[in-house]
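Working through the structure, step by step
Spelled out from the first residue to the last, the chains are:
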Amino acid sequence: MYEANTKLSPLDPSVIRRLKDVSSGSLTTELFKKGLRQCFLVGLVPMNKDAVRFAGEAFTMRMIPAREDLDTIETLTPYPNADNLQWEAVESIPPGHVLVIDSRNDPRAASAGAMLPTRMKVRGAAAIVTDGAFRDGQELARLDFPAYARQVTASTRLSYHRVADLNIPIACADVAVYPGDIIVGDGDGITVVPRHLAAEMADLCERRDQLEKYLSYRISAGEPLYGVYTPTPAVRADFEAWKKAGADPARATTIRAGA
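Keep in mind it's a predicted model, so treat the numbers as computed, not measured.

A short note on the UniProt feature "binding site: substrate" (unreviewed entry) in the chain
- Here the UniProt-annotated "binding site: substrate" (unreviewed entry) positions come out as Gly113, Ala114, Met115, Leu116 and Arg135. These annotated residues cover 23 residues of sequence, and their C-alpha atoms all fall within 10.8 Å of one another, placing them together at a single site.
- Mapping Ala114 onto the fold places it in the loop between strand S3 (97-102) and helix H4 (115-123).
- Note on Ala114: relative accessible area 10%, which makes it buried.
- With residues up to four places along the chain from it excluded, the contact list for Leu116 reads Gln86, Trp87 and Val90.

Details of unusual backbone geometry
- Of the consecutive residues Tyr229 and Thr230, the connecting peptide bond is found in the cis state with omega at 5°.
- Mapped onto the fold, Thr230 is located in the loop between helix H6 (198-220) and helix H7 (233-244).
- Unlike most non-glycine residues, Asn105 shows phi in positive territory, near 55°.
- Tracing the backbone through its elements, the reader meets Asn105 in the loop between S3 and H4.
- The exposure class assigned to Asn105 is partly exposed, which follows from its relative accessible area of 25%.

Overview of the environment of Ala89
- Its place among the elements puts Ala89 in helix H3 (residues 85-92).
- For Ala89, a relative accessible area of 0% gives the class buried.
- C-alpha of Ala89 to C-alpha of Asn167: the two residues are 78 residues apart in sequence and 9.0 Å apart in space.
- Discounting residues that sit within four places of it in the chain, Ala89 has contacts with Phe59, Met61, Leu99 and Leu166.

Examining the packing of aromatic side chains
- For the coordinates displayed, the defined rule picks out 5 aromatic pairs.
- Between Tyr214 and Phe239 the ring centres are 5.3 Å apart and the planes differ by 45°, which places this aromatic pair in the tilted class. A residue pair is termed long-range when its members are at least 10 positions apart, and Tyr214 in helix H6 and Phe239 in helix H7 qualify at 25 residues. In this pair, the class of Tyr214 matches that of Phe239, namely buried.
- Measuring from ring centre to ring centre gives 4.9 Å for Tyr214 and Trp242, while their planes differ by 40°; the resulting arrangement is tilted. One end of the pair, Tyr214, is in helix H6; the other, Trp242, is in helix H7, with 28 residues separating them in the sequence.
- Grouped by ring-pair contacts, the aromatic residues Tyr214, Tyr217, Phe239 and Trp242 constitute a single cluster.

Describing the environment of Ala58
- With respect to the element layout, Ala58 can be found in strand S2 (residues 54-65).
- Assessed through its relative accessible area of 2%, Ala58 is described here as buried.
- Sequence separation between Ala58 and Leu99 is 41 residues; the distance between their C-alpha atoms is 6.2 Å.
- Ignoring anything within four residues of it in the chain, the contact list for Ala58 reads His97, Val98, Val100, Asn167, Val177, Tyr178, Pro179, Gly180, Asp181 and Ile183.

Describing the nonpolar core
- Among the nonpolar cores identified, the biggest contains 23 residues, and Met61, Leu99, Met120, Ile128 and Phe134 are the most heavily contacted of them.
- Among the secondary structure elements, those contributing two or more residues to this core are S2, H3, S3, H4, strand S6 (147-149) and strand S8 (161-166).
- A per-element tally of this core places S2 first, with 3 residues.
- When neighbours within four sequence positions are excluded, Ile128 is seen to be in contact with Leu99, Ile101, Ala112, Pro117, Met120, Phe134, Phe145, Pro146, Ala147 and Tyr148.
- In terms of nonpolar packing, the next biggest core, distinct from the first, is built from 19 residues, Ala58, Val100, Ala173 and Val175 among them.

Considering the packing of H3 against H4
- The N-to-C vectors of H3 and H4 enclose an angle of 25°; their axes lie 9 Å apart at closest approach. By the criterion of interaxial angle, the relationship of H3 to H4 is roughly parallel. Contacts between H3 and H4 pair Gln86, Trp87, Val90, Glu91 and Ser92 from the former with Leu116, Arg119, Met120 and Arg123 from the latter.
- Considering only residue class, the contact of H3 with H4 consists of 4 nonpolar, 2 polar and 3 charged.

About the criteria used
- Residues numbered from 1 in each chain as written.
- Predicted model: local features only at pLDDT ≥ 70, side-chain atom pairs only at ≥ 80, totals over all residues.
- Heavy atoms only, no water.
- UniProt positions renumbered as here; feature names shortened; annotations may be inferred.
- Helix = DSSP H or I, 4+ residues; strand = E, 2+ residues; numbered from the N terminus.
- Buried < 20%, exposed > 50% of the residue type's maximum accessible area, 1.4 Å probe, protein only.
- Contact = heavy atoms within 4.5 Å.
- Phe/Tyr/Trp six-rings, centres within 6.5 Å; stacked < 30°, edge-to-face > 60°.
- Core = buried A, V, L, I, M, F, W, Y, C linked by side-chain atoms within 4.5 Å.
- Axes fitted to C-alpha atoms, helices over the stretch in contact; angles between N-to-C directions.
- Parallel < 35°, antiparallel > 145°, perpendicular 65-115°, else oblique.
- Nonpolar A, V, L, I, M, F, W, Y, C, P; charged D, E, K, R; others polar.

Spelled out as structure tokens, the structure:
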């Protein structure tokens, strides 16, 4: 049986809950400011448009090309075996974690079908993400569980993929993912947050989201980009005055610092 990695430093659960509510735009901008240029998994889309928002620790799976003498239908046994680590992952992933699959950006065969995400949902996992494909797209479109992939492909995993490792560093959509990184999903897609930056990102992105909303009120009211976006020191002072006055959207264009 697979044994979970217990060496990661503890992370306050409230940090993950907060990251679930921040926007991917704020996350990627704040990560960029830290020098991390690309933490977004480009090209992955949710199977169910109503089940998109989540955050959780990464539990990783690495796939290699299948080989005909090893990856046969007989490996799908009703008991654990070394040739079917995929099911081991589903039965071992801790509650609140995200199964992140390195399918080598290859969508020719499904990384999973609806049965495995259904089992993960019951076990309390947060989401499943692959840079390949899923099968059972219609079922996944109805399943109240976040599942992201490039596309839907009916071919069985055994056609092209073999699960070689669990909970090791992987690439997903050409982004490095380490076990325990925080995976954040919303309607725009998936962002990987390095674990050691998670608490700081929650603080920074909550502030950025509120500021961005304030700026959108002013731009929507007809103000030009220059002088407002990105915000000048004067606009930031206006923002603080607006928050102090109650953060009423209707007053975003009238409250000014020192007035």
